[in-house]
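# Per-entry structural report
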Amino acid sequence: MPRDPRFDILFETVRIGPVTARNRFFQVPHCSGMGHLLPRTDAAMRAMKAQGGWAVVCTEQCSFHPHAEAAPAPESRLWDGEDVARMRHWTDAVHAHDALAGIELVSNGSSTPNYYSREIPLGPSHTPVTHSHDPVQARAMDLDDMREFRRWHRDAVLRSRDAGFDLVYLYCAHDIAMPMDYVTRRRNRRTDSYGGSLENRVRLLRELLEDTVDAVGGQMAVALRFATDELLGKDGITWEDEGCRVIEMLADLPDLWDVNVSDWTHDSVTSRFSSENFQEPYVSFVKGMVKKPVVCVGRFTSPETMLSLITRGVSDFVGCARPSIADPFIPQKIDEGRLDDIREYIGCNVCVTGQRKKTPMRCTQNPTVGEEWRRGWHPERIEPKGSDSSILVVGAGPAGLECALALGQRGYNVALAEARREPGGRVTDEAAMPGFSEWARVRDYRTYQIGKLHQTVEVFRESEMTPATILESGYRHVAIATGSSWRKDGIGRANTAGPIPGSDGDHVLTPDSIFRGMTPVSPVVVFDDDHYYMGGALAEQFHSAGLEVILVTPAPVVSSWTVDALEQNTIQSRLVAMGVRIVTGHNLARVDADAVEVDGVYGEGTQTIACATVVMVTSRLPNDSLYHDLRTSPERLAGAGILSVRRIGDALAPGLIAAAVWSGHRYARELDAPPPGDVPFRRELVVV
Ligand code: ADP
């Protein structure tokens, strides 16, 4: 289909200093958890975005000198000439698809302990390293340090040029960058010409910008990533005051302004706590103050929002990080009039958890991310089928939907049988929780795409399969995607020996019973030994329904794993503000008819909490009885002409939705393919 002319404006070229972007789609710098340890993996992932039509593709933050390094995070590095070849590989990969290559040089200043380099962290003032409890202090820089710092930075700018970059970033955002340590009053207690007034606090940033502009000599564009607001009110930078004044002071120095809010938790908010384009109120003023192009972000997935961003003059570029991970081909799909094919980001921050765990990022919506190089997976292309086999996929949750879709795209004949009327499995259930509606995109994208494959993929709703109906079905391969069930007995991490006494009572529920329509009676205790979003989300849901809620968890904080999705603080603060009683550091010892007994994990002893209902959020068991039943008799399978029965997704092992999607995708990729070796993917080895 041709492009809708309304979107033509998104495909105009934009000049950024000495270089020209072919359109307005801009992948702003974002971490990947790949960095200098997995350079081919990272380059292939970025090249996919260039191929998908992004005009500018940027690196993650790239350390330019050992005075600030992010170990154990494997961030990019450009410390000396030895790193140039690796980064040249990166720019070549991006240039191969006609995108501009941008590099975000970074000094993490006083926010990194430097466990690898063992250099003392540097900052404007003496301070414990920020954003962690590491027992390390940064030392205040003197003027010699600052001269050296500027030289390191300038040398790195020249190395960026040697590595083939078109655009070099100066990074003053997210509260993890040296220039920002100087700009924000919170971190700068200097009394010399680099502290005190805003002019003084901006001095280093201005000098670095001037050094950069001078060093590139008009050969590369210079971008400034600047946080206009820290969302801390008068304690931090606010866009109306210091944010605005900094932009005024530096307005025409950089060739491009990349503006956002700080810190990372505020910038990369999940869909649970923000809507698309949530940053506009903090950044829309910038375009009126500068003559240079502006890029901003805001979890953009809707072409209409992108269009309005440009037509209303909010920004010159559509800046994306997370949406470009979920769908590296957004620009191409808009260009080809295939808006319905966009695989919309759901706002879960699973990508961020990968980076925070110092491992290659994953994506709930895009199972191919990180697999471009090591497994050769392309997000839009898949090998044609390897045989004329037909496949029965049992269960239309995330695993079954993705499996049926990818098999259908390969050209196989597929039947997708779902017991319920509504497809989506756990995604359909969980998307009904407060704040989770965008998660339904996992289902909606796939059901829509499967609908287009009606000649090869047939969907049977309200079709609960049994061993007998599967054996009769005549399909050659069976993929069991029947999901998992929450345990009622409380067994999980803190309780392993056996069921929690009293957990068999009728007033003990699970998330599954809530999803099936059971209503807890107030007061309700939510026992969260799962530690991801479910316990906190149900507590919020029950409270919103007018129930008195007590959340008990053995962990020191609520929903502790959500720290890595940048949500934990918001989740706990909201529950506190609502009036949910939070009992951390306590395990559930016993359930009685009208109360529970909880036990302090640090030896505080027991206490009794009165309640009418207990909701167990501890762990799940795979729904795999179908699989085991079928596997009891290989003869019966052979008699039915069934070549294989395999489990995928939560039926294999309960996990993240991202893991279920990936599992379904992997099944489809590997069917009729040569068996993978013991190490099922290519590795990037350090050669000695
Ligand atoms: P996953 O995350 O692995 O995809 P889900 O729990 O989200 O797992 O989805 C499993 C789906 O399988 C649910 O929609 C459920 O209704 C369906 N299902 C379970 N057992 C059967 C069965 N015997 N026949 C058909 N569908 C089933």
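Cut-offs and rules
- Residues numbered from 1 in each chain as written.
- Predicted model: local features only at pLDDT ≥ 70, side-chain atom pairs only at ≥ 80, totals over all residues.
- Heavy atoms only, no water.
- 1 Å grid on protein atoms, 1.4 Å probe; cavity = no way out; pocket = protein on both sides within 12 Å on 5 of 7 lines; lining within 4 Å.
- Points joined across faces, edges and corners; volume = space filled by probe spheres on them.
- Helix = DSSP H or I, 4+ residues; strand = E, 2+ residues; numbered from the N terminus.
- Nonpolar A, V, L, I, M, F, W, Y, C, P; charged D, E, K, R; others polar.
- Domains from an automatic or database assignment.
- Core = buried A, V, L, I, M, F, W, Y, C linked by side-chain atoms within 4.5 Å.
- Buried < 20%, exposed > 50% of the residue type's maximum accessible area, 1.4 Å probe, protein only.
- Contact = heavy atoms within 4.5 Å.
- Axes fitted to C-alpha atoms, helices over the stretch in contact; angles between N-to-C directions.
- Parallel < 35°, antiparallel > 145°, perpendicular 65-115°, else oblique.
- Left-handed = near helix turned anticlockwise from the far one by under 90°.
- Near = heavy atom within 4 Å.
- Polar contact = N/O pair within 3.5 Å; in protein donor to acceptor, adjacent residues only side chain to side chain.
- Areas by Shrake-Rupley, 256 points an atom, 1.4 Å probe, with all protein chains shown as cover.
- Sits in = over half its atoms within 2 Å of the grid points.
- Lys, Arg positive; Asp, Glu negative; His and termini not counted.
- Salt bridge = Lys/Arg side-chain N within 4 Å of Asp/Glu carboxyl O.
- Phe/Tyr/Trp six-rings, centres within 6.5 Å; stacked < 30°, edge-to-face > 60°.
- Lys NZ or Arg CZ within 6 Å of the ring centre and 35° of its normal.
- Pairing = 2+ DSSP bridges.
- Buried area = accessible area lost by both parts, 1.4 Å probe.
- Disulfide = S-S within 2.5 Å.
- Expected span 1.5 Å × (residues − 1).

So, on to the layout of surface pockets. Approximately 740 Å³ is the volume found for the second largest pocket. Lining the second largest pocket are 37 residues; nearest its centre among them are Ala481, Thr482, Gly483, Ser484 and Asn623. The set of elements that each furnish at least two residues to the lining of the second largest pocket consists of α13 (398-410), α14 (426-430), β19 (484-486), α17 (511-515) and α20 (625-631). In the lining of the second largest pocket, the residues fall into 14 nonpolar, 12 polar and 11 charged. Both domain 2 (390-483 + 623-670) and domain 3 (488-620) contribute no fewer than three residues apiece to the lining of the second largest pocket.

Membership of the largest hydrophobic core comes to 80 residues, with the highest contact counts inside it found for Leu10, Leu224, Trp257 and Ile334. With 8 residues, the top contributor of residues to this core is helix α5 (residues 198-216). Aside from chain neighbours lying at most four places away, what touches tryptophan 257 is Leu224, Phe226, Val246, Ile247, Leu250, Ala251, Val286, Val290, Lys292, Pro293, Val294 and Val295. Within the second largest apolar cluster, 37 residues are counted, among which are Ile346, Phe436, Tyr533 and Val615.

Quick look at the packing of helix α1 (residues 39-51) against helix α2 (residues 81-95) now. The interhelical angle for the contact between α1 and α2, taken along N-to-C directions, is 20°, at an axis separation of 8 Å. Taken together, the axis directions place α1 and α2 in an arrangement best described as roughly parallel. Once α1 is placed against α2, the crossing between them reads as right-handed. Contacts from Pro39, Arg40, Asp42, Ala43, Arg46, Ala47 and Ala50 of α1 reach α2 at Arg86, His89, Trp90, Ala93 and Val94.

Around the ligand, 23 residues are found, and the nearest of them are Ala399, Glu418, Arg426, Met465 and Asp650. Contact between the ligand and glutamate 418: an oxygen atom at 2.6 Å from a side-chain N or O atom of the residue. One of the backbone N or O atoms of arginine 426 is found 2.7 Å from an oxygen atom in the ligand. Notes on the ligand: free accessible area 580 Å², of which the protein chains cover 90%. Assessed atom by atom at 2 Å from the grid points, the ligand resides in the second largest pocket. For the shell around the ligand, the class distribution of residues is 10 nonpolar, 8 polar and 5 charged.

It is worth spelling out the side chain of lysine 49 at this point. Relative to the assigned elements, lysine 49 resides in helix α1. Although lysine 49 lies buried, it forms no salt bridge, and the closest oppositely charged side chain, glutamate 372, sits 8.1 Å away as judged by the N-O distance. At 2.8 Å, the side chain of lysine 49 and the side chain of serine 324 are in polar contact. Those residues in contact with lysine 49 that sit more than four places away from it in its chain are Gln27, His30, Trp54, Val57, Ala321, Ser324, Ile325 and Pro328.

One pair of aromatic rings is described through two measures. These are the centre distance and the angle between the planes. Inspection of the entire model under this criterion finds 15 aromatic pairs. Look at phenylalanine 64 and phenylalanine 149: their rings are 5.8 Å apart centre to centre, the planes differ by 55°, and that puts the pair in the tilted class. Here phenylalanine 64, found in the loop between β4 (56-63) and β5 (76-77), pairs with phenylalanine 149, found in helix α3 (residues 143-162); they are 85 residues apart in sequence, far enough to count as distant. Here the two residues phenylalanine 64 and phenylalanine 149 agree in accessibility, since each one is buried. Ring pairing ties together the aromatic residues Phe436, Trp439, Tyr532, Tyr533 and Trp561, which thus form one cluster. The ring of phenylalanine 7 carries arginine 6 above its face, with NZ or CZ at 5.0 Å from the centroid.

Before going further, it helps to examine helix α9 (residues 303-311). For α9, every residue scored as buried is listed here: Pro303, Thr305, Met306, Leu307, Leu309 and Ile310. Buried residues along α9 sit against β3 (25-27), α8 (280-283), β13 (294-296), β14 (317-320) and α11 (330-335). Positive phi appears at glycine 313, one or two residues downstream of α9, with a value of about 75°.

Time to look at the side chain of serine 503. You can see serine 503 is positioned in the loop between β19 and β20 (508-509). Judged by relative accessible area, which is 5%, serine 503 ranks as buried. There is a polar contact of 2.8 Å between the side chain of serine 503 and the backbone oxygen of isoleucine 500. Ignoring anything within four residues of it in the chain, the contact list for serine 503 reads Lys488, Asp489, Val508, Val591 and Met616.

Here we take up the sheet that holds strand β22 (residues 549-552). Within the open sheet, the 5 strands sit side by side as β20-β27-β21-β22-β23. Their pairing is parallel. Taken across any chain shown, the strands that pair with only one partner, and hence form the sheet edges, are β20 and β23 (581-583). Here strand β21 (residues 524-528) runs beside β22; their pairing, made up of 4 bridges, is parallel. Its bridge partner being in β22, phenylalanine 527 is matched across the sheet by valine 552.

Size of an interface: often given as the accessible area lost when the parts come together. Along its sequence, the protein chain is organised into domain 1 (5-356), domain 2 (390-483 + 623-670) and domain 3 (488-620). Computed from C-alpha atoms alone, the centre-to-centre distance between domain 1 and domain 2 is 40 Å. Contacts between the two partners involve 14 residues from domain 1 and, on the opposite side, 14 residues from domain 2. Summing the contributions of domain 1 and of domain 2, the shared interface buries around 1,100 Å²; its carbon and sulfur component is 54%. Here domain 1 is connected to domain 2 by 3 salt bridges.

Attention now goes to the sheet that holds strand β18 (residues 477-480). One open sheet accounts for 5 strands, arranged β17-β16-β15-β18-β29; its pairing is parallel. Edge positions in the sheet fall to β17 (457-460) and β29 (644-647), since each has one partner strand and no second. If you compare each strand with its neighbour and ignore which way they point, the axes differ by 15° on average. Pairing geometry for β18 and β29, over 4 bridges, is parallel. Note that in β29 the partner of histidine 477 across the bridge is serine 644.

Attention now moves to the state of the cysteines. Counted under the stated rule, the structure contains 0 disulfides. Cysteine cysteine 320 shares no disulfide, and the gap to the nearest cysteine sulfur, in cysteine 296, comes to 9.6 Å.

The end-to-end C-alpha distance of helix α22 (residues 657-670) is 20 Å, a good match for the 20 Å that 14 residues give at a rise of 1.5 Å each. The buried count for α22 comes to 10 of 14 residues, which makes it a mostly enclosed element. Those residues of α22 that fall on the buried side of the exposure criterion are Ile657, Ala658, Ala660, Val661, Ser663, Gly664, His665, Tyr667, Ala668 and Arg669. Immediately downstream of α22, the backbone of aspartate 672 shows phi near 65°, a positive value.

Okay, the pattern of salt bridges next. Counted under the stated rule, the structure contains 59 salt bridges. Within the structure, one salt-bridge network assembled from shared partners comprises Asp175, Arg186, Arg187 and Glu230.

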